[in-house]
Amino acid sequence: MNRLRSFSLVEFSVEHPRWVVFLTVLITLGFLTRFPKVRTDTDPKNMLPPTAEVRVSNDAVERSFGLYEDMIVVGIANKSGILNDGTLGKIKRISDGILRTPGVAARDVAGFTTIDNVTAEGGMLRVGPLMAEAPQGDREMEALRKQLFENPMFVGRIISRDGKTAAIYVPLEKGASGMAVAGKIREIVGREGGPESYYVAGDPVARDTFGAEMFRLMAVFAPLAGLVMFAVRYLMFGDLFLSAALMMDAMIAIIWSMGFLIGLGFPIHIMSSMAPVFLMAIATDSIHIFNEFYFRCKEERDKKAAILKTMKAVGRPVRYTALATTAGFAVLLFMNIIPVKVFGGLVAFGTILLRILSFSFVPAMFTFVKEESILKASQGEEIESSRVSRLLGRLAGLGARRPWAVALTGLALFAAAVVGTTRIAVNNNMVEWFKESSEVRTADRVMNEALGGTSLGYLVAGSDGKEEEFIKTPEALRYVEGLQRALESLPYVGKTTSVVDYVKRINRVLHKDDPAYEKVPDSKELVGQYLFLFSMSAKPSDLDNVVDPSFKKANVWVQLKTWDAKAMRGVIEAARAYQRGNPLPMEIRPAGVAYFNLVWNDMVLWDMIKGFLLAMVVIFAILAVNFRSPKWALVGYVPLLFTVVLIYGAVGFMGKDFDMPISVLSCLSLGMAVDFAIHFINRFRSRLAEGRAAPAIEEAIVWTAARPGKGILRNAVLFAAAFSVMLFAPLTPYVTVGAFIVSMMLLSATLCIVYIPALIVLLRKWLFAAGETPT
């Protein structure tokens with residue numbers, strides 16, 4: 001037991017470096033064997049557990065109304081109009097090709113050649129395809145034009161009001177890949193050519209394309225971040241082997257973490273795809289070991305002694321920075337969004353691995369470096385000869401000599417940033433996760449401008465009353481019709497469809513196509529007859545999608561012109577306002593993909609608030625334990641709080657929506673930003689406690705900034721360099737995360753070097769016990 005207590009991982013690694021390296025490589029190879037089993041998941045439904053209320057209710061609505069989980073919208077546009085022989089012939093061929101595409105629910109594809117058109121011949125109701133074949137001659141073309149534009153169910157859905165854009169709605173079989181089907185459709189339309197433009201849009205296209213791109217970026221950006229960091233390290237230290245050693249511990253931790261995740265059977269989500277870059281950046285905290293090692297080598301002239309004294313000097317802050325970072329990520333385990341929980345656990349686990357490697361693999365690698373190489377590389381590390389050290393000393397001196405000016409400036413910026421945070425709007429829009437010029441976003445924009453919209457939500461209106469087939473009553477139908485008109489008055493609602501539209505259309509065509517009869521009949525029995533006749537000839541899905549078998553519930557399709565989560569919120573609020581103004585014993589419940597996006601958008605908001613508050617408490621507790629003083633914990637806490645608020649204030653002033661990647665960063669940013677404060681305060685207090693004559697506060701501050709502060713600056717630059725590669729990603733969440741982390745690291749380091757000295761000087765009488773305050 002005594003031997004176990006006296007065991008030192010650092011000493012073991014220094015005495016047995018080859019064994020440490022061998023075991024590390026062996027474990028790494030073991031985790032690499034898990035990688036061939038990797039799989040991705042970008043389905044929004046899987047953001048929440050299967051038992052989540054919104055998933056259960058959405059699944060119930062899909063079963064009740066025979067709805068499909070995924071729908072692709074194909075657009076065909078011609079600036080001269082689509083009602084011409086050439087374009088209509090292409091629509092026919094494209095439709096035929098889509099019907100033969102694997103993964104497509106061919107029986108329910110809705111377009112010119114497949115959608116049911118309700119007409120009457122000789123007083124008899126006729127239901128058949130709108131355009132079985134392309135029109136031949138002007139007469140047939142004019143007849144098609146009349147059928148299209150005199151039927152409100154077609155305008156805004158399969159043809160634009162200006163007649164220049166047509167749409168084909170392609171439902172997917174369960175489990176079909178939206179990206180694969182979209183690729184086949186692009187091949188089909190690519191064979192047509194001509195003056196037409198073709199677009200493929202919809203949630204499954206965006207989602208599955210994002211997943212494929214995400215997987216590619218994971219394979220590209222982690223190695224790229226490593227190369228950038230390697231280059232920056234080499235510029236800092238000028239030693240190839242040491243630079244490679246620091247990169248190796250990051251790559252090892254990534255392989256172990258990702259291999260462990262894959263081995264447990266978890267898929268890669270958007271957040272976990274970013275984990276390698278996060279771990280690459282978090283690994284830069286070991287730069288403090290390298291930074292101190294160079295100083296110690298210069299002083300000790302003995303490599304092993306330098307390693308042991310280095311780890312003794314920086315061991316405590318390195319351990320506590322790892323603990324703080326782990327805590328910042330671990331709070332994500334208490335969130336509701338599954339990918340966020342997985343990401344938090346993954347990076348927390350990886351951070352622990354990094355610290356273990358920092359006390360084993362890194363010291364072991366130090367032993368292989370030639371002493372002459374170390375001495376050569378450490379030539380410019382003296383405080384007196386290093387321009388960077390002198391600059392950092394002057395910055396810290398500014399905070400120490402003008403503490404009130406620095407503190408008040410910080411408070412003014414903090415107050416302005418708080419105002420900016422009040423302007424932040426929480427919103428998620430997967431389509432906008434692509435850059436504006438991308439094919440996915442262009443298709444969505446064009447289709448939304450021309451037609452009803454590619455985002456789909458449902459409002460289920462029903463009655464629990466005792467009246468049988470209540471939806472067939474004129475009162476219920478007019479109530480639903482009024483709801484549709486109220487929703488269509490919203491700027492982001494392009495079109496609504498319900499059983500009312502079928503009833504009104506049937507009523508009109510059975511009265512010699514008189515527009516005066518395009519209304520709800522006054523008799524429940526007549527409505528029942530109409531729907532019975534329609535069901536005899538129409539596709540089953542026509543009625544199944546808008547009314548349940550018992551006719552107690554009606555489903556209103558709501559096409560939205562944006563995937564913004566807040567658009568569906570507006571729909572729900574408008575429906576509630578309509579209910580209040582039109583009392584009828586009918587309940588209205590939202591459903592669909594758009595509603596799901598709204599629910600998990602709100603969960604992201606509350607998770608952010610919960611996680612942020614939890615992270616604040618946990619990290620303060622870690623600081624208090626580390627410094628053994630809540631007073632010093634407060635000093636270390638202020639700069640990191642300022643960093644987070646300043647950046648979020650800037651987000652608010654820029655008008656940037658607060659989406660999932662940004663909201664998740666609010667929790668973990670505390671854990672990462674606090675690292676610098678831990679290093680600075682620990683080394684400052686150690687300097688004051690050294691056996692030699694106690695230095696004055698300002699002298700100790702300047703020394704801390706010039707020597708450990710150089711490690712802080714290097715850490716920040718390396719961290720920022722790792723994430724800077726994400727600024728060039730084709731997906732906006734990666735760009736956002738990259739910009740956020742780069743800004744946070746550089747700002748946090750600056751505040752640590754300048755603001756902490758000001759706080760120490762201003763609060764010195766409070767921080768130091770009576771008689772202990774240095775002069």
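Nothing here was measured: the structure is a model prediction, and the numbers come from that model.

### Some thoughts on the environment of Glu-525
1) Next: Looking at the element boundaries, Glu-525 is found in helix H21 (residues 524-537).
2) Next: Assessed through its relative accessible area of 56%, Glu-525 is described here as exposed.
3) Next: Distance in space between the C-alpha atoms of Glu-525 and Lys-472 is 7.9 Å, their sequence separation being 53 residues.
4) Next: One polar contact links Glu-525 to Ser-523, side chain to side chain, over a distance of 3.1 Å.

### Points about the sheet that holds strand E5 (residues 197-201)
1) Next: Reading across the sheet, the three strands line up as E4-E1-E5 and stay open at both edges, with antiparallel pairing between neighbours. Every interior strand has two partners, whereas the edge strands, strand E4 (165-171) and E5, have only one. Ignoring which end each strand starts from, the neighbouring axes of this sheet average 15 degrees apart.
2) Next: Where strand E1 (residues 71-77) meets E4, seven bridges bridge the pair, whose relative direction is antiparallel. Paired with Val-74 across the bridge in E4 is Ile-168.
3) Next: Strand contacts of helix H8 (residues 203-237): E1 and E5, with the helix running at about 105 degrees to E1, the strand carrying the most contacts.
4) Next: Taken strand by strand, helix H18 (residues 439-450) contacts E1, E4 and E5, and its axis lies near 100 degrees from that of E5.

### A word on helix H20 (residues 499-509)
Since one α-helical turn is 3.6 residues long, residues separated by three or four positions face the same way.
1) Next: By the criterion of burial, H20 is predominantly enclosed, with eleven of the eleven residues buried.
2) Next: Residues of H20 that are buried include every one of Val-499, Val-500, Asp-501, Tyr-502, Val-503, Lys-504, Arg-505, Ile-506, Asn-507, Arg-508 and Val-509, and no others.
3) Next: The opening residue of H20 is Ser-498, an N-cap whose side-chain oxygen sits 3.1 Å from the backbone nitrogen of Val-500.

### Some remarks on the environment of Pro-102
1) Next: In this fold, Pro-102 is placed in the loop between helix H5 (85-99) and strand E2 (116-121).
2) Next: It is 34 Å that separates the C-alpha atoms of Pro-102 and Phe-551, two residues lying 449 residues apart in sequence.

### Some thoughts on helix H17 (residues 403-421)
1) Next: For H17, spanning 19 residues, the distance from its first C-alpha to its last is 27 Å, which sits close to the expected 27 Å at 1.5 Å a residue.
2) Next: For H17, the set of buried residues is Pro-403, Val-406, Ala-407, Gly-410, Ala-417 and Gly-420. Looking down the long axis of H17, one finds its buried residues gathered within 130 degrees of arc, a one-sided arrangement. Exposed side of H17, more than 90 degrees from the buried face: Trp-404 and Leu-408 are the residues found there.
3) Next: The inward-facing, buried residues of H17 abut helix H16 (387-401), helix H25 (630-654) and helix H29 (732-762).

### A short note on the pattern of salt bridges
1) Next: Applying the stated criterion across every chain, the model contains 23 salt bridges.
2) Next: Between Lys-174 and Glu-69 there is a salt bridge; the shortest N-O distance is 3.2 Å. With Lys-174 in the loop between E4 and helix H7 (178-190) and Glu-69 in the loop between helix H4 (53-65) and E1, this pair connects stretches of sequence that are 105 residues apart.
3) Next: Put simply, Arg-508 and Asp-513 hold a salt bridge, and the shortest N to O gap is 2.9 Å.
4) Next: On the accessibility criterion, Asp-513 (26% relative accessible area) is partly exposed.
5) Next: When salt bridges that share partners are traced, they join Lys-146, Glu-150, Arg-508, Asp-513 and Glu-518 into one network.

### A word on the packing of helix H3 (residues 17-32) against helix H9 (residues 240-263)
1) Next: Two elements in contact, H3 and H9, have axes separated by 8 Å at closest approach and are oriented at 40 degrees. By the criterion of interaxial angle, the relationship of H3 to H9 is oblique. For the pair H3 and H9, the sense of crossing is left-handed. Taking contact as the criterion, the partners of Thr-24, Ile-27, Thr-28, Phe-31 and Leu-32 in H3 are, on H9, Ile-252, Ile-255, Trp-256, Gly-259 and Phe-260.

Calculation criteria
Residues numbered from 1 in each chain as written. Predicted model: local features only at pLDDT ≥ 70, side-chain atom pairs only at ≥ 80, totals over all residues. Heavy atoms only, no water. Helix = DSSP H or I, 4+ residues; strand = E, 2+ residues; numbered from the N terminus. Buried < 20%, exposed > 50% of the residue type's maximum accessible area, 1.4 Å probe, protein only. Polar contact = N/O pair within 3.5 Å; in protein donor to acceptor, adjacent residues only side chain to side chain. Pairing = 2+ DSSP bridges. Axes fitted to C-alpha atoms, helices over the stretch in contact; angles between N-to-C directions. Contact = heavy atoms within 4.5 Å. Expected span 1.5 Å × (residues − 1). Arc of directions from axis to C-beta. Salt bridge = Lys/Arg side-chain N within 4 Å of Asp/Glu carboxyl O. Parallel < 35°, antiparallel > 145°, perpendicular 65-115°, else oblique. Left-handed = near helix turned anticlockwise from the far one by under 90°.

The values are spatial; any link to function lies outside them.
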